[in-house]
Amino acid sequence: DGSVRQSFIGGVLYTSPDLPNERKAAPELPAVQRTAEAFLEKFALKPNDVSAWELGNFNPWTRQQASRSVTGKPITPVVNVRFQRMLDKIPCMGPNSVLNVDVDAAGVAGVLANVRPIKRLIAVAEPKSSQQIGDEFQNQLDVQLKLHPGKAELQSKRLIYWEQGLKFVQPVWKFDVAITG
């Protein structure tokens, strides 16, 4: 019915579907994927541009029906399907590269589509050296460690395209770091 439940925890606002107890289970993942892809195709929600969209991941919304006397089985009434924009076989991330579809037993229950077409332009930019990239990362990490003292551990480093919702999409290195302590 479109209603949501919101919780404010630790300074973050979480929004989730308000799933009624009588809701039926979503279909199996292959059927969920087919339903989501057919919906995107039917309503032409993927821009016709130089990018491609791949299946990103499935995020199930699971709940357990319960009362004071009876605990029910967990049920997954909604599955969120996230699609990943790709450009030159590299992930493209940013505020205008978001495409998610929520599927339940009745079909598509919701869509979050914030996409813009990408045009390929010829632009010459001087690439940064590995040393310069490493130095810039270390400087930014040092600032974060001054604000949040602890031990930093690099989880991953990968090349992505970043689109800021402005005019250009640019290649950047994405560093995922865990700070503990």
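Each chain has its residues counted from 1, running along the sequence as written. Confidence filtering applies because this is a predicted model: local features only for residues at pLDDT of at least 70, side-chain atom pairs given and counted only at 80 or more, and all residues used for totals across whole chains, interfaces and linings. With hydrogens and water excluded, all non-hydrogen atoms of the structure serve as input to the side-chain values.

## A closer look at the overall build of the chain
- Helix and strand definitions here come from DSSP, where helices need a minimum of 4 consecutive H or I residues and strands a minimum of 2 consecutive E residues; each element is numbered from the N-terminal end. Assigned secondary structure in the chain consists of two helices and nine strands.
- Reading the secondary structure of the chain in the N-to-C direction produces β-β-α-β-β-β-β-β-α-β-β.
- Residues classed as buried in the chain amount to 23% of the 181 residues present.
- Only the protein chains shown count as cover for residues, with accessible areas throughout obtained via the Shrake-Rupley method and a probe of 1.4 Å. For the chain, the accessible surface area stands at approximately 12,700 Å², while carbon and sulfur atoms represent 54% of it. Relative accessibility under 20% of the residue-type maximum defines a buried residue, over 50% an exposed one, and the middle range a partly exposed one, all with a 1.4 Å probe and only protein chains included.

## So, the pattern of salt bridges
- When a carboxyl oxygen of Asp or Glu lies within 4 Å of a side-chain nitrogen of Lys or Arg, that pair is called a salt bridge. Tallied over the entire structure, the rule returns four salt bridges.
- With a shortest N-O distance of 3.6 Å, arginine 116 and glutamate 163 are connected by a salt bridge. Within this pair, whereas arginine 116 is found in the loop between strand E7 (107–115) and helix H2 (130–147), its partner glutamate 163 is found in strand E8 (residues 151–163), the two being separated by 47 residues in sequence. Both residues of the pair, arginine 116 and glutamate 163, belong to the buried class.

## So, the packing of aromatic side chains
- Put simply, two rings from Phe, Tyr or Trp (the six-membered ring, in Trp's case) pair if the centres are within 6.5 Å, and we call them stacked under 30 degrees between planes, edge-to-face over 60, tilted for the rest. Across all of its chains, the model carries two aromatic pairs by this definition.
- With 4.1 Å between their ring centres and 15° between their planes, phenylalanine 137 and phenylalanine 175 make a pair best called stacked. Placement of the pair is phenylalanine 137 in helix H2 and phenylalanine 175 in strand E9 (residues 169–180), with a sequence separation of 38 residues.
- Here phenylalanine 175 falls in the partly exposed class, since its relative accessible area comes to 23%.

## Observations regarding the confidence of the model for the chain
- Predicted confidence across the chain gives a mean pLDDT of 85, with 86% of residues reaching 70 or more.
- Averaged over each element, pLDDT in the chain is lowest for strand E2 (residues 12–17) (61) and highest for helix H1 (residues 29–42) (95). Scored between 0 and 100, pLDDT is the confidence that the predictor attaches to each residue.

## Structural notes on H2
- The end-to-end C-alpha distance of H2, which contains 18 residues, comes to 26 Å, matching closely the 26 Å that a straight helix rising 1.5 Å per residue would cover.
- Burial in H2 covers these residues: Ile133, Phe137 and Leu141. Along the axis of H2, the buried residues cluster in a sector spanning 60°; they form a single face. Every exposed residue of H2 that faces more than 90 degrees away from the buried side is listed here: Gln131, Asn139 and Lys146.
- Contacts are assigned to residue pairs with any non-hydrogen atoms lying within 4.5 Å of each other. Buried-residue contacts for H2 involve E8 and E9. To estimate the expected span of a helix, count its residues, drop one, and scale the result by 1.5 Å. Regarding the arc, it is the one traced by the directions from the helix axis to the C-beta atoms.

## Structural notes on the pairing of strand E3 (residues 52–66)
- Pairing between strands is defined by DSSP: at least two bridges between the two strands are required. One ladder, built from 12 bridges, connects E3 with strand E4 (residues 71–87); its direction is antiparallel. From the neighbouring strand, tryptophan 53 faces E4, where its bridge partner is arginine 85.
- Between E3 and E4, which follow one another and run antiparallel, lie four residues.

## Regarding the nonpolar core
- Membership of the largest hydrophobic core is limited to 11 residues, which are Ala26, Val32, Ala36, Leu40, Trp53, Val79, Val81, Phe83, Leu99, Val101 and Val103.
- Broken down by secondary-structure element, the contributors of at least two residues to this core are H1, E4 and strand E6 (97–104).
- Once residues within four sequence positions are removed from consideration, tryptophan 53 is found in contact with Lys46, Pro47, Phe83, Gln84, Arg85, Ser97, Val98, Leu99 and Val115.
- Within the second largest apolar cluster, five residues are counted, among which are Leu87, Cys92, Ile118 and Tyr161. Buried residues of nine kinds, namely Ala, Val, Leu, Ile, Met, Phe, Trp, Tyr and Cys, make up a nonpolar core once their side-chain atoms join them within 4.5 Å.

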